[in-house]
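# Architecture at a glance
So the chains spell out like this:
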Amino acid sequence: MPARVILPRILTLPFLATLALGSSGCGLFDLLEPETTLADLDPAIARVEVELGESPRVSLVLVAKEGTCEAITDDVKAKVDDRKMDLFIRGGETPTQDGWVCGAPTFRKALAEENLGKEKTHFEVSDESARIALDFEDLLAERTIAPSHPQDKIEPGVDLALAWSAPGDEFAEDDIDVVFTYDDATLELPAPPQVSVVDREIVVRIPQGSPPGPATLRVDAEVHVAAASCNGTESCEATVKVSPEVALEVTSGVVP
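Scope of this entry: the structure provided in the associated data block. (Residues numbered from 1 in each chain as written. Predicted model: local features only at pLDDT ≥ 70, side-chain atom pairs only at ≥ 80, totals over all residues. Heavy atoms only, no water.)

## Comments concerning the environment of Ser196
Residue position: Ser196 is located in strand 15 (residues 194-198). A C-alpha to C-alpha distance of 5.8 Å links Ser196 and Glu173, two positions 23 residues apart in sequence. Non-local contacts of Ser196, meaning those with residues more than four positions away in its chain, are made with Glu173, Glu201, Ile202 and Val203. (Helix = DSSP H or I, 4+ residues; strand = E, 2+ residues; numbered from the N terminus. Contact = heavy atoms within 4.5 Å.)

## Re the pairing of strand 20 (residues 245-250)
Residues Val246, Leu248 and Val250 of strand 20 are buried on one face, while the alternating residues Glu245, Ala247 and Glu249, pointing to the opposite face, are not. Bridge count between strand 12 (residues 153-154) and strand 20: 2 bridges; the pairing is parallel. When the bridges of strand 20 are listed, Ile154 appears paired with Val250. In this sheet, strand 20 lies alongside strand 17 (residues 213-225) in antiparallel orientation, the contact comprising 6 bridges. Each bridged residue has a counterpart across the sheet, and for Leu217 the counterpart in strand 20 is Val246. (Buried < 20%, exposed > 50% of the residue type's maximum accessible area, 1.4 Å probe, protein only. Pairing = 2+ DSSP bridges.)

## Thoughts on the nonpolar core
Generally speaking, a soluble globular protein has its nonpolar side chains buried in company with each other. Ranked by internal contacts, the top residues of the largest apolar core, which has 50 residues, are Val48, Phe123, Leu139, Trp164 and Phe180. Setting aside residues no more than four positions away along its own chain, Phe123 makes contact with Val48, Val58, Leu60, Lys79, Val80, Met85, Ile132, Ala133, Leu134, Phe136 and Leu139. (Core = buried A, V, L, I, M, F, W, Y, C linked by side-chain atoms within 4.5 Å.)

## Section: the state of the cysteines
By the definition in use, this model includes 2 disulfides. One disulfide bridge connects Cys69 with Cys102, the sulfur atoms lying 2.2 Å from each other. Disulfide Cys69 to Cys102: torsion about the S-S bond roughly 115°, handedness right-handed. Here Cys69 is found in the loop between strand 2 (57-63) and strand 3 (77-80), whereas its partner Cys102 is found in strand 7 (residues 99-103), with 33 residues between them in sequence. What makes Cys69 buried here is its relative accessible area of 11%. Between the sulfur atoms of Cys230 and its disulfide partner Cys236 the distance amounts to 2.0 Å. A torsion of 70° about the S-S bond marks the disulfide between Cys230 and Cys236 as right-handed. The connectivity of the disulfide-linked cysteines in the protein chain, indexed sequentially, is 1-2, 3-4. (Disulfide = S-S within 2.5 Å.)

## With respect to the side chain of Ser210
Structurally, Ser210 is set in the loop between strand 16 (201-205) and strand 17. Polar side-chain contacts of Ser210 include one of 2.6 Å to the backbone oxygen of Pro207. (Polar contact = N/O pair within 3.5 Å; in protein donor to acceptor, adjacent residues only side chain to side chain.)

## Concerning the sheet that holds strand 11 (residues 145-147)
Overall, antiparallel pairing links the 4 strands, which are arranged 11-13-16-15 in an open sheet. Looking at strand neighbours, the two that pair on one side only are strand 11 and strand 15, the edges of this open sheet. For this sheet the average axis-to-axis angle between neighbouring strands, irrespective of direction, equals 30°. Here strand 11 runs beside strand 13 (residues 160-164); their pairing, made up of 3 bridges, is antiparallel. Counted as the bridge partner of Pro147 is Leu162 from strand 13. (Axes fitted to C-alpha atoms, helices over the stretch in contact; angles between N-to-C directions.)

## Focus: the pattern of salt bridges
Applying the stated rule across the entire model yields 12 salt bridges. Between Asp42 and Lys65 there is a salt bridge, and its shortest N-O distance comes to 3.8 Å. A residue pair is termed long-range when its members are at least 10 positions apart, and Asp42 in the loop between helix 2 (38-41) and strand 1 (45-52) and Lys65 in the loop between strand 2 and strand 3 qualify at 23 residues. Accessibility expressed as a relative area gives 36% for Asp42, which makes it partly exposed. For Arg218, the salt bridge goes to Asp220, with nearest N and O atoms at 2.8 Å. For Arg218, a relative accessible area of 27% gives the class partly exposed. (Salt bridge = Lys/Arg side-chain N within 4 Å of Asp/Glu carboxyl O.)

## Quick word on the pairing of strand 16
Sheet analysis places strand 13 next to strand 16, joined by 4 bridges and oriented antiparallel. Residue pairing in the sheet places Ala163 in a bridge with Glu201 of strand 16. Two successive antiparallel strands, strand 15 and strand 16, enclose a turn made up of 2 residues, where Asp199 displays a positive phi of approximately 50°.

## With respect to the sheet that holds strand 18 (residues 229-231)
Within the open sheet, the 5 strands sit side by side as 4-3-9-10-18. Their pairing is antiparallel. Both edges of this open sheet fall to strand 4 (83-84) and strand 18, since each of them pairs with a single strand only. Direction of pairing for strand 10 (residues 131-137) relative to strand 18: antiparallel, over a ladder of 3 bridges. Its bridge partner being in strand 18, Ala133 is matched across the sheet by Asn231.

Have a look at this one:
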């Protein structure tokens with residue numbers, strides 16, 4: 001009987017993909033030991049992304065210059081107000097079902113109740129080669145909406161202006177979505193509400209024929225906050241995703 005020949009098993013793409021996803025990098029077999037320092041990365045933009053929902057968190061993304069895709073070393077650390085941020089994405093090319101994509105180095109940190117509402121927020125990224133520091137004012141401020149008149153009533157076919165509580169925020173109509181929900185689940189608007197931005201106020205109009213009754217208006221918005229200071233990189237920017245709500249009553253006649 002001829003001897004059996006056992007060939008070594010070939011690594012399949014799914015296995016390689018798992019390896020690569022575990023530690024991002026630009027080359028497949030040098031993924032475990034990235035060598036890119038912060039000075040080597042030299043990001044074009046330091047971008048802060050804040051999500052103020054049920055589980056608020058903040059991310060710091062280092063956007064590399066166009067045409068580059070690098071994975072940073074473990075020596076690169078990030079902090080928000082002297083609290084260490086977790087490395088969420090090391091950066092570099094990673095495989096997906098649709099091919100290879102470039103991920104920007106990203107740090108994350110969950111926000112506790114005591115972190116919210118602060119007037120100033122400081123971020124810092126550093127290693128022995130370089131340091132990036134950026135500051136924002138009212139980045140973590142509470143964001144609310146309030147109708148322009150105290151009755152909290154909205155008349156079908158008539159504009160209702162909503163004041164935005166954070167004066168430093170910048171937003172546009174494309175960054176805003178409005179959800180209008182009646183307390184009585186059997187009621188609904190005959191058509192979606194119209195939304196516009198006028199003089200930094202959000203203007204909402206519900207259509208004629210909307211049934212009267214109490215309701216909740218939610219504004220899903222992505223606002224932009226300018227950096228108070230930016231050092232160590234060409235540009236710093238921040239966006240905040242927030243969904244403030246206000247209770248309203250749809251009237252059947254003219255609002256007094």
